[in-house]
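Results of the structural survey
Chain residues, written in single-letter form:
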Amino acid sequence: MDHGVATRWEKYDIRLNIERNWKALAPKLAGKLYVYMGAEDNFYLEGATILLKQSLKNLGSDAVVEIFPGRDHGSLMDKALRERIAAEMAAQFRRIK
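What comes next is a walk through the structure. Since we're looking at a predicted model, the values are computed, not measured.

Residue position: Asp 41 is located in the loop between strand S1 (34-38) and helix H4 (46-59). Buried and without a salt bridge, Asp 41 has Arg 71 as its closest oppositely charged side chain, separated by 12 Å. Once residues lying within four places of it in the same chain are set aside, the contact partners of Asp 41 are Glu 46, Arg 71, Asp 72 and His 73.

Structure below.
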């Protein structure tokens with residue numbers, strides 16, 4: 001691994017940015033962060049999502065991070081999940097309205 005390249009890409013690492021700026025981000029993200037991931041992601045993003053989930057837990061975030069077994073990047077969004085997300089978004093909108 002080229003550590004110089006890895007260092008230059010750190011600014012795009014969501015987990016690192018959240019960890020490094022948690023004090024400022026915590027109030028802005030409270031109740032707003034939802035991440036859904038298939039456990040068999042075609043782009044191998046499930047590993048990073050698992051790390052993000054653990055990091056958010058350690059920070060005391062109320063973020064929702066769910067990893068769905070047997071689903072990939074293209075099969076994650078079935079009808080039930082789309083309906084669930086729509087209902088959750090509507091509930092949040094009613095709450096802040």
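So, about the nonpolar core. Listed in full, the 7 residues of the largest apolar core are Ile 18, Trp 22, Val 35, Leu 52, Leu 56, Ala 63 and Val 65. Excluding anything up to four places from it in sequence, Ile 18 contacts Leu 25, Leu 33, Leu 52, Leu 56 and Leu 59.

This part is about the pattern of salt bridges. Tallied over the full model, the rule gives 6 salt bridges. As a salt-bridge pair, Glu 10 and Arg 20 come within 3.0 Å of each other at their nearest N and O atoms. In this pair, Glu 10 is assigned in the loop between helix H1 (3-9) and helix H2 (14-20) and Arg 20 in helix H2, connecting sequence segments 10 residues apart. Look at Glu 10 and you get partly exposed, because its relative accessible area is 27%.

Rules used in this analysis
Residues numbered from 1 in each chain as written. Predicted model: local features only at pLDDT ≥ 70, side-chain atom pairs only at ≥ 80, totals over all residues. Heavy atoms only, no water. Helix = DSSP H or I, 4+ residues; strand = E, 2+ residues; numbered from the N terminus. Buried < 20%, exposed > 50% of the residue type's maximum accessible area, 1.4 Å probe, protein only. Lys, Arg positive; Asp, Glu negative; His and termini not counted. Salt bridge = Lys/Arg side-chain N within 4 Å of Asp/Glu carboxyl O. Contact = heavy atoms within 4.5 Å. Core = buried A, V, L, I, M, F, W, Y, C linked by side-chain atoms within 4.5 Å.

This is a description of form; function is not addressed.
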